[in-house]
Amino acid sequence: MKAKLIKVLEQVVSDLISQGSLPEMTVPEIQIERTKDKAHGDFACNIAMMLARPAKMNPRLIATQIIEALPEVDFITQVDIAGPGFINFTLTANSAQQIVKDVLAAGNQFGRNDLGKGKRVQVEFVSANPTGPLHVGHGRGAAYGSVVSRLLMEVGFDVHREYYVNDAGRQMDILATSVWLRYLAACGEEFTFPSNGYKGDYVLDIAASLKADCGEDLRRTSADVFANVPTDEPDGGDKEQHIDGLIVNAKSSLGDAYSTVFDLGLSSIIAGIKSDLEDFGTEYDEWFSERSLMASGDVDKAVEQLKASGDIVEREGAWWFKSTDYGDEKDRVVVRDNGQTTYFASDIAYHLNKFNRGFDTVIDVWGSDHHGYIPRVKASLTAMGQDAERLKVLLVQFAVLYRGEEKVAMSTRSGQFVTLKELQEEIGKDAARFFYVLRGADQHMDFDLELAKSQSNDNPVYYVQYAHARVCSVFRQLKDRGLSWEKTQGEQNLTRLSESHEQALLTSLSRYPEIVTSAATNYTPHILAHYLMDLARDFHTYYNAHHFIVDDVELSQARLTLITAVKQVIENGLAIIGVDAPDTM
RNA sequence: GCGCCUGUAGCUCAGUUGGAUAGAGUACCAGUUUCCGAAACUGGGGGUCACAGGUUCGAUUCCUGUCAGGCGCACCA
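Basis of the calculations
- Residues numbered from 1 in each chain as written.
- Chains lettered and ligands numbered in written order.
- Predicted model: local features only at pLDDT ≥ 70, side-chain atom pairs only at ≥ 80, totals over all residues.
- Heavy atoms only, no water.
- Near = heavy atom within 4 Å.
- Polar contact = N/O pair within 3.5 Å; in protein donor to acceptor, adjacent residues only side chain to side chain.
- Helix = DSSP H or I, 4+ residues; strand = E, 2+ residues; numbered from the N terminus.
- Nonpolar A, V, L, I, M, F, W, Y, C, P; charged D, E, K, R; others polar.
- Salt bridge = Lys/Arg side-chain N within 4 Å of Asp/Glu carboxyl O.
- Buried < 20%, exposed > 50% of the residue type's maximum accessible area, 1.4 Å probe, protein only.
- Contact = heavy atoms within 4.5 Å.
- Pairing = 2+ DSSP bridges.
- Axes fitted to C-alpha atoms, helices over the stretch in contact; angles between N-to-C directions.

For the rest of this paragraph, the subject is the protein's contact with RNA strand B. Taken together, 59 residues lie around RNA strand B, and R336, Y466, S473, N522 and H546 are the ones closest in. Considering RNA strand B, the proportion of its atoms within 4 Å of the protein that are sugar or phosphate atoms stands at 65%. The contact in question runs from a sugar or linking oxygen of RNA strand B to an N or O atom on the side chain of N129, over 2.4 Å. Note that a base oxygen of RNA strand B is positioned 2.9 Å from one of the backbone N or O atoms of D337. By residue number, the principal contributor to the surface near RNA strand B is helix α21 (residues 526-545), which donates eight residues. Residue composition of the surface near RNA strand B, by class: 19 nonpolar, 25 polar and 15 charged.

Another aspect to go through is the pattern of salt bridges. Under the defined criterion, the tally for this structure stands at 27 salt bridges. A salt bridge links E124 to K354; the shortest N-O distance between them is 2.6 Å. Taken as a pair, E124 in strand β5 (residues 120-124) and K354 in helix α13 (residues 343-356) lie far apart in primary sequence, 230 residues in all. Judged by relative accessible area, which is 5%, E124 ranks as buried. Look at K354 and you get buried, because its relative accessible area is 0%. Here the salt bridges share partners, and the residues they tie into one network are R150, R161, E283 and D285.

Turning to the side chain of S95, a few remarks are in order. Within the secondary structure, S95 is located in helix α4 (residues 93-106). Of note is the side chain of S95, whose polar atom sits 2.9 Å from the backbone oxygen of T92. Residues contacting S95, with those up to four places away along its chain left out, are M1 and F75.

This brings us to the sheet that holds strand β10 (residues 332-335). In spatial order, the strands read β8-β9-β10; together these three strands make up an open sheet with antiparallel pairing. A strand with exactly one partner marks an edge of an open sheet, and here the two such strands are β8 (312-315) and β10. Neighbouring strand axes in the sheet, compared pairwise and without regard to direction, differ in orientation by 45° on average. Where β8 meets strand β9 (residues 318-321), four bridges bridge the pair, whose relative direction is antiparallel.

As a further point, take the environment of I570. Tracing the chain through its elements places I570 in helix α22 (residues 553-577). Classification of I570 as buried rests on a relative accessible area of 0%. Along the sequence, I570 and L181 sit 389 residues apart, while their C-alpha atoms lie 52 Å from each other. Sequence-distant contacts of I570, defined by excluding residues within four places in its chain, comprise V464, A467, H468, L532 and L535.

Written out as structure tokens, the structure reads:
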């Protein structure tokens, strides 16, 4: 309807210009928006005010001319001038009611469109290091990434969801060594656990299953394990050198068996992450391994390509990517002087790999602490002849955890954190997802655990779910009374929906497709969550003001038809967010 | 010091891409159930949109500066 109106107005303005009623000028893009206040009709247009300056005419005068020249439009009943020169349009009652039929006809497809035209989009999100279970900080990225993915599917993109597994590198060696040390302790060896090792309970669990698998085959004496290892930090040494020394000893004394420990640690943690995400309503199409990227030679190839183009040069024994040539603030090391490639080298290869897989758009969802990383990744893509604009990095700000007034410190290393699993068990998947998605991603978020736990009934998600359950309850009541809903009869009597509460609901329903499109194209799931709360409120208000099962059969059927449409839209919206729409609470 | 994000009601946050009298939730106060679920509804108070300039018909929104908070500035990942 909006688009139709815009077309009509464009025609009118260009006619006025050719008639000489308006001077020659370039006409700005015509915008139609929904009014905030019902007194201003349903749609408003500000074109008269936009034209006032170039035309050097009074905006109200221009508006008058436009209205006079306006042809009949079938779904508009009234056109007014208001304020400084707004043109307000009021819809006919018929066109407002049409939305109910549209919703019921489309069912769970209502809200979908083909804006994306099947273009392929990759969304990579969470991608936390597999060195421990996911914690609540990852939850926000998981909720955000998965809802953005679903929104993009809803508007017609072919979406590929991916988790990048950082299964290479030093952190993984620290994990493997931590597991082995816990295993040795379980075998009876006595020593002080390194301050920089992973101390979480999950490491103990993995060590226990290692012992169950291998018995004491991997046992070495603690004297051997700690031989020639620099002292740890608490003893006046360096914790990094201490743990690196332990890694070296682990690799040499275990030999081939080291990979047994390493792989058990990795696979245990990945399995845990997968099941935590699944429980959290977050699915993936692919788990992409960093090691596979190295094994395939992609990392070396990417580095060679950039060496050939002169973008990677040797300096002080290391190889540097000259990202300053592309606007970054400093150059970045890709191959260290010890010959090892950096994480950034893998990332260059990974992003090239993504682009080569033929995605039209590549989306990375990152924690905001990685924002400094964007220029160098884009720079590397540009250097390799790719269009860096195709990469969109969406930053998610941190959720700061509180227990009441007290801030919760989180560290994977010390093992003191609240896991995503724990959060789910405390407040449930639905509440957690809705809560995370309720705020804009670029908004710093305070997440008070006490509040989320103790007042979980006040969580907005229940408000929306309750609206859905209430509709279901009405239909249970209908059945109990031996009555039934006749869709055809209801649709024929939609003109009976004349109460202000009903008008408000019709307007809210008609907004849904625009909300989905806007949420998807702007990557802003929170506006969908807010919309659902608004719709639920409109429904609850209506519920309290009017009865649906009434003696007037035609009116009753019309109302039942309306609330069925409301139920459908709530279902569709909640499905995108990944929250259940229960029939009873 | 430089860069990114943020600053809106006591608190947590929206604000439809620059529009009309800045809105919700929560908290507080006062009300609403013989009737489809009160996890609901109705009403009330509460604001220098951090501050100062600028752009224009019009600024919470865009630009500049100042102040405040978060994060980042490794041959770590």
